Structure formats: structure tokens, C-alpha cells
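Chain by chain, the residues run as shown.
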Amino acid sequence: MAAVEAWTLWLHIAAGAVAVFAGVGALVTAKGGTRHRTAGKVFLLAMGVVVATVFVLLAFDPTTLRIVLTLVAVFSGYLAFSGYRALSRKRPSHRAHSIDWIATGSVVLACLVLGVWGLSWYLDGRSFGIVMAVFGAIGIVFGAIDIRAFRSDGTDEWMVSHLQRMIAAFIATVSAVSAVNLTPLIGVSAWLWPTLLGVPLIAYWSNEYSLE
């Protein structure tokens, strides 16, 4: 079983690395072009592997840290999934399906748990709690925005929604990679710096495409 866990961990790491490179590819290529779509599909597939493997790793070692990482992975995977699903709502006849409602409800619940848990950690003097609270809050906000879009036709904001979520998913992925490698050097900042740099990028692209 130890060998299975080790191989799963390596698959998880490899998928995370692929997601980062594919995310960069999607960001720097022309939106809507063949290269952009291909990079986006690779990113989505890699994120699916990341989420699937984190649940397997949790089953092998259900520690508090892995539970937290699993909740963060669910949050990251949802952003990628909802960003992809936004493309299916380009027309009024393309309404949200059951899978969209189920995914959104699940991530709101998971992020609510993550956020409340993070606040309790922070109030107990554990600095990592602020990371959990920030990720939880972001997930709840995106989930709430999606629910609002599902209740309307959402067609005039599908492009902005797609970009916001895919960039946010990329930021979350970079955060996880940074955390694994830089936490011993810079502490909880390893989790938060990608968000601090990425939020202006999301605002920029949102403004660019909302004006089109």
C-alpha cells in the first residue's frame, strides 16, 4: 500500500506541474484560438487528476493537513470546472444543469467548512488559519456569483465568468505549488502571494472583456 500511496503522490505532483504550465499557456495565447483551447483542456484535465488523487492521498493518511489540502483542492477544481462550464451558457437556451447546481452547492459547503475552520484556527493562534479563511471566503463568493448567474440566463457575462474562474483556478494551483516548496522559507505567505498578485490580473481581464 505504501507503494500505491507513493505513486499517487507523484501523480498528484506531476498533474499539478502540468496544470501550472498549461495555465501559463492558456494565459499567454490568443483567447479563443486553437492553442488557447488546447491549453485550457489540458489544464482542466490536469486539475481533475489533482482533485482525484488528493482524495486517494487523504484515504491513505487522513491527517488534519491533508483534510485542509483536500478542501483547497476541491475549491481549486471547482473554479476550473465552473470556468469550463461557463462556456456552455453562451445562449439563453443553455441554462445551468443539475451538475452545475450540485458542484456549486458542494463547493459552497466545503468552503464554508474551510472558512469557519480557518477562523477557529486563527483565533486559536495558528497563523495558517488565515489561509484557510481566505480560500474559504473566495470559494463562497464565487459560488454565490454562480448561483445568481444560474437563476438568470447569464449569457452576457459568460466570457468574464470563464476568465475569472480559470485565472482563479490557476492562482490556486500556483499557491499549492508555492506552499509545498516555499512554506519553510516564507511561512503562510507562500500560500497568499499568488492571490495578491493574481487578483489585479482577474480585475484587468474582467474589465477588458466586460467592455467588449
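Residues numbered from 1 in each chain as written. Predicted model: local features only at pLDDT ≥ 70, side-chain atom pairs only at ≥ 80, totals over all residues. Heavy atoms only, no water.

A.B. asks: Just checking my understanding: could you explain the UniProt feature "transmembrane region" (unreviewed entry) in the protein for this structure?
C.D. replies: As recorded in UniProt, the sites labelled "transmembrane region" (unreviewed entry) are residues 6-30, 42-60, 66-87, 99-122, 128-147 and 167-193. As a span, residues 42-60 carries 100% helix and 0% strand, and end to end its C-alpha atoms are 27 Å apart. Helix makes up 100% of residues 128-147 and strand 0%. Its end C-alpha atoms lie 29 Å apart. (UniProt positions renumbered as here; feature names shortened; annotations may be inferred. Helix = DSSP H or I, 4+ residues; strand = E, 2+ residues; numbered from the N terminus.)

A.B. asks: Any chance you could explain helix α2 (residues 34-60) here in plain terms?
C.D. replies: One turn of the α-helix equals 3.6 residues, which is why residues spaced by three or four share an orientation. Helix length check: α2, at 27 residues, gives a terminal C-alpha distance of 39 Å against a target of 39 Å (1.5 Å per residue), a fit within 8%. Restricting attention to buried positions, one finds in α2 the residues H36, A39, G40, F43, A46, M47, V50, V51, T53, V54, L57 and L58. For α2, the elements touching its buried residues are α1 (2-28), α3 (64-85) and α6 (158-186). (Expected span 1.5 Å × (residues − 1). Buried < 20%, exposed > 50% of the residue type's maximum accessible area, 1.4 Å probe, protein only. Contact = heavy atoms within 4.5 Å.)

A.B. asks: Even after reading the chapter, I still don't get the pattern of salt bridges, so can you show me in this structure?
C.D. replies: Once their charged atoms are close, side chains differing in charge can pair, the charge on each being opposite to the other. Applying the stated rule across the entire model yields three salt bridges. Its salt-bridge partner being D100, residue R85 comes within 2.8 Å of it at the nearest N-O pair. You can see R85 sitting in helix α3 and its partner D100 sitting in helix α4 (residues 98-123), a full 15 residues away along the chain. Each of the two residues, R85 as well as D100, counts as buried. For the salt bridge of R165 with D146, the shortest nitrogen-to-oxygen distance reads 2.7 Å. Remark: D146 occurs in helix α5 (residues 128-151) and R165 occurs in helix α6; sequence separation between them is 19 residues. Taken as a pair, R165 and D146 share a single burial class, namely buried. (Salt bridge = Lys/Arg side-chain N within 4 Å of Asp/Glu carboxyl O.)

A.B. asks: So what exactly am I meant to see when it comes to the nonpolar core here?
C.D. replies: Among soluble globular proteins, nonpolar side chains are generally buried collectively. Counting 38 residues, the largest nonpolar core has F43, V68, L114, F128, F135 and W191 as its most contacted members. Of all the secondary structure elements, the ones that give two or more residues to this core are α1, α2, α3, α4, α5, α6 and α7 (189-210). For F128, the contacting residues outside a window of four places in its chain are V68, W121, V188 and W191. (Core = buried A, V, L, I, M, F, W, Y, C linked by side-chain atoms within 4.5 Å.)

A.B. asks: Just to check I follow, could you spell out the packing of aromatic side chains for this structure?
C.D. replies: We describe a pair of aromatic rings using the distance from one ring centre to the other and the angle between the two ring planes. In this structure the tally under the stated criterion is five aromatic pairs. Taking the centre distance of 6.2 Å and the plane angle of 55 degrees together, the rings of W121 and F128 count as tilted. The burial state of W121 is the same as that of F128; both residues are buried. Ring geometry for F135 against W191: centres 6.1 Å apart, planes inclined by 90 degrees, an arrangement best described as edge-to-face. In this pair, F135 is assigned in helix α5 and W191 in helix α7, connecting sequence segments 56 residues apart. Judged by its relative accessible area of 3%, F135 falls in the buried class. Aromatic ring contacts, followed pair by pair, group F75, W117, W121, F128, F135 and W191 into a single cluster. (Phe/Tyr/Trp six-rings, centres within 6.5 Å; stacked < 30°, edge-to-face > 60°.)

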